[in-house]
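# Structure at a glance
Take a look at the letters that make up each chain.
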Number of protein chains: 2
Amino acid sequence: MEKNSSKPLTETLNASGIFAPLKNHLAALDAFLEEQVLEFAPAARESLRYTFTHRGKRLRPALVFFSGWENEETVAPELVRAAATVELIHLATLVHDDILDDAKIRHSSPTLFAKYGSHTAVLLGDAIFAHALKLMSDFDAVELCRALANATREICTGEIWQTAERGNASVSLDDYFAMIQMKTGELFEVSALLGATLAGGGLEKGKAFAKFGRHLGRAYQIFDDIVDYLGDETTIGKTLGTDLASGKFTLPEILFLQKLDATARERFLAEVTAGTFGIKEVVAQMRDAGVFDESRAYFLKETQIAAGALAPYADDAGAKHLLAMSDFVASQVRKIS
Amino acid sequence: MEKNSSKPLTETLNASGIFAPLKNHLAALDAFLEEQVLEFAPAARESLRYTFTHRGKRLRPALVFFSGWENEETVAPELVRAAATVELIHLATLVHDDILDDAKIRHSSPTLFAKYGSHTAVLLGDAIFAHALKLMSDFDAVELCRALANATREICTGEIWQTAERGNASVSLDDYFAMIQMKTGELFEVSALLGATLAGGGLEKGKAFAKFGRHLGRAYQIFDDIVDYLGDETTIGKTLGTDLASGKFTLPEILFLQKLDATARERFLAEVTAGTFGIKEVVAQMRDAGVFDESRAYFLKETQIAAGALAPYADDAGAKHLLAMSDFVASQVRKIS
């Protein structure tokens, strides 16, 4: 589950032209989501529509569409349904995240929680989760329903895990990667799997594209962690060092803490706990310690694994679009210094 | 979603012997739920186990087991899985309800929310919902997955609807029945449907048992509404008039408000809003107006429809157990005066 960096990246993504081939697909997705509103009891519709106005980057729907790609004109209804499903799961997690983070603003407008209260936000999030799984079950392919339910559980338990580790300065790299796999990798993976499978790609292709999705998701989460330190506040739109201040140790800090000797480590943690750290000084220290270079290396490793998974599909038009997505995120990482 | 009346009714239920034939079934359910804990990431296990200690009346698992009944010894694994699924959905709704109601105690011990905080409670509720749907998708019968996802969405949107109607003194009887159908009827219905279908009962039997479940669920919710007024606080364990005090109009008030003239209605609502009403006086007025007799009549109508649905299955051992459940709830309603 990601934070408020969405809008600027969305704009950059749109400006990049990577999503341009998806014009018809995304329009069909919007229309489909609007239709879904009527499946909910009238009392829930206004708040549901409001949730839909909080559109994210739609990376997951893009993964679905490109993984099952034919061409710009052909918009297969089953892909639209699958894209809506993963987007709804993602939206539900955001709705609940905003309650937990006491977040009042998302994408420059009030969150559902701020506008309708926690009662509606908790229940509507639940209803959106359930509706997503209902949409999935309309496919008659029970293994897709299973994969999606599994991913949903992993996202939520990944968050519980991360919450439990808050303030634990000894989180291992293994645990970090397991957590981002659960929090972001799983749903990216399922998105690609759904696209490839529903388009009749077969088991081999499904596996390969799922692997691409998984590692793109992990890369994307690392990107998000780096941005928290290095992003320009005005363009990235999130507060520098928010993760650190909240005691959530992400990749850069985990790497940093591993490099400090016992005394330095203790002093650093005491400053973090007391909230007396200067973010600029911390960033400078981390940079000197090579933490961001290493983080970028981990990021690139993920994008390389992702690209490697698609190697046997070099002639697949959809795979080309997917690789462009992955290259784009990599270019964003290179930009931040 | 029901309130804290559970424990005393559970005890009465157990004392009644109605659940005695389920001894092996409920033990298998417990073992199965315990196994599920290991499917969750370690960080979520302690809180999940804690949720399982808050066992309710297990009316929904009982509906599953009796609807697919063979005998006391035969515990079909697919029924255990289905019973776990509906119980997990129910538990997840309770976990989220407790956050929304700011409830610190359930069944005489701290709620998950009180013990682990809202962060864990929101996310674990989500994870339990997702896991339930994953269990369901293991059946290879996608229509069951669909029915369960649908019921889950209806429970949550039913709650949203009820929240939206809070303080609306003009709620119609039709709306009331539609809301209790969503909040309680749906999951009872799916429980019976799962039991009958998984036991190979076929479409006709599935429909009949589903209808029984639906109307038992509605009856049960009416029972819950009456208990809020007439239950003895020490044995029923919930605060008299809590619904009224919170501006939630349930069957007795809806009927009462319909009987008042404009002046009396306005005075009554002003007292409710100001919180200056005396619950004993209100109950006496409502009783004089015949509101509880009417509520009981609505209750009995539901149990009669439920029983009628099972009429073609008079020789079915499971149907006999189900009718005993329904008779038991009816006897509880007769007891409160």
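Cut-offs applied
Residues numbered from 1 in each chain as written. Chains lettered and ligands numbered in written order. Predicted model: local features only at pLDDT ≥ 70, side-chain atom pairs only at ≥ 80, totals over all residues. Helix = DSSP H or I, 4+ residues; strand = E, 2+ residues; numbered from the N terminus. Rg over C-alpha atoms; globule rule 2.2 N^0.38 Å. Buried ≥ 20, exposed ≤ 12 C-beta atoms within 10 Å, placed from the backbone. Contact = placed C-beta atoms within 7 Å. Least-squares fit on C-alpha atoms with pLDDT ≥ 70 in both. Nonpolar A, V, L, I, M, F, W, Y, C, P; charged D, E, K, R; others polar. pLDDT = per-residue confidence, 0-100. Axes fitted to C-alpha atoms, helices over the stretch in contact; angles between N-to-C directions. Parallel < 35°, antiparallel > 145°, perpendicular 65-115°, else oblique. Left-handed = near helix turned anticlockwise from the far one by under 90°. Core = buried A, V, L, I, M, F, W, Y, C linked by C-beta atoms within 7 Å. Expected span 1.5 Å × (residues − 1). Arc of directions from axis to C-beta.

## Thoughts on the overall build of chain A
Per the secondary structure count, chain A includes 16 helices and two strands. Over its C-alpha trace chain A gives a radius of gyration of 20 Å, about what one expects of a compact globule, namely 20 Å for 337 residues. When the backbone C-alpha atoms are referred to their principal axes, chain A occupies close to 60 × 50 × 35 Å. Within chain A, buried positions represent 53% of all 337 residues. At a minimum sequence separation of 6, the contacts of chain A that also span at least 24 residues come to 76%.

## A closer look at unusual backbone geometry
Of note in the backbone geometry, Arg58(A) takes a positive phi value of approximately 55° without being a glycine. Given 23 C-beta atoms within a 10 Å radius, Arg58(A) is considered buried.

## A look at the relation of the copies chain B and chain A
Mapping chain B onto chain A calls for a rotation angle of 180° and an axial translation of 0.0 Å; the resulting RMSD is 0.0 Å. Put plainly, the chains are arranged around a two-fold axis. Within chain B, Val142(B) has its C-alpha nearest the rotation axis, a separation of 2.8 Å. A share of 100% of the interface residues of chain B reappears at the interface of chain A, consistent with the copies meeting face to face through the same patch.

## Observations regarding the interface of chain B and chain A
Taken together, the 39 residues of chain B in the interface contact 39 residues of chain A. Element by element, the count of residues in the side of chain B that touches chain A is highest for helix α7 (residues 142–164) of chain B, at 15 residues. Its residues placed into classes, the side of chain B that touches chain A shows 21 nonpolar, 11 polar and seven charged.

## Thoughts on the confidence of the model for chain A
Residues and elements named next belong to chain A. Mean pLDDT over chain A works out to 89, with 94% of the residues at or above the 70 mark. Every residue in residues 234–238 scores below 50 in pLDDT, and together they form 14 contacts with partners more than four places removed in sequence or on other chains. Scoring the predicted complex yields pTM 0.91 and, for the interface, ipTM 0.89.

## Focus on the packing of helix α6 (residues 112–137) of chain A against α7(B)
Two elements in contact, α6(A) and α7(B), have axes whose closest approach is 8 Å; the angle formed by their N-to-C orientations is 160°. With respect to each other, α6(A) and α7(B) are oriented roughly antiparallel. In this structure, the crossing between α6(A) and α7(B) has a hand that is left-handed. Across from His119(A), Thr120(A), Leu123(A), Leu124(A), Asp126(A), Ala127(A), Ala130(A), His131(A), Leu133(A), Lys134(A) and Ser137(A) in α6(A), the residues of α7(B) making contact are Val142(B), Cys145(B), Arg146(B), Ala149(B), Asn150(B), Thr152(B), Arg153(B), Cys156(B), Thr157(B), Glu159(B), Ile160(B) and Thr163(B).

## Quick word on the nonpolar core
Leu124(A), Leu133(A), Leu124(B), Leu133(B) and Leu148(B) are the most contacted members of the largest nonpolar core, which has 212 residues in total. Setting aside chain neighbours within four positions, we find Leu133(A) in contact with Cys145(A), Leu148(A), Ala149(A), Leu133(B) and Ala149(B).

## A short note on helix α3 (residues 42–53) of chain B
With 12 residues, α3(B) ought to run about 16 Å at 1.5 Å a step, and its terminal C-alpha atoms sit 18 Å apart, in line with that. All buried positions along α3(B) are accounted for by Ala44(B), Ser47(B), Leu48(B) and Thr51(B). Buried positions in α3(B), seen along its axis, are confined to an arc of 110° and lie on one side of it. Facing away from the buried surface of α3(B) by more than 90 degrees, the exposed residues are Pro42(B) and Thr53(B). Looking at the buried side of α3(B), the elements it contacts are α7 (142–164) of chain A together with α2 (23–37), α5 (77–100) and α6 (112–137) of chain B.

## Re α2(B)
Residue and element names in this part refer to chain B. Its 15 residues give α2 an end-to-end C-alpha distance of 22 Å, which sits within 8% of 21 Å, the value for a rise of 1.5 Å per residue. Among all positions in α2, only His25, Ala28, Leu29 and Leu33 are buried. For α2, the angular spread of the buried residues around the axis is 140°, confining them to a single face. Exposed side chains of α2 directed beyond 90 degrees from the buried face belong to Lys23, Ala27, Ala31, Glu34 and Glu35.

## Here we look at the environment of Ala264(B)
Residue and element names in this part refer to chain B. For Ala264, the position within the fold is in helix α13 (residues 262–274). We classify Ala264 as partly exposed; it has 13 C-beta atoms within 10 Å. Taking the C-alpha atoms as reference, Ala264 lies 52 Å from Asp30; in sequence the two are 234 residues apart.

## Digging into the environment of Val291(B)
Residues and elements named next belong to chain B. Following the sequence through the fold, Val291 ends up in helix α15 (residues 291–309). Owing to 23 C-beta atoms within 10 Å, Val291 belongs among the buried residues under this scheme. For the pair Val291 and Lys259, spaced 32 residues apart in sequence, the C-alpha to C-alpha distance is 9.0 Å.

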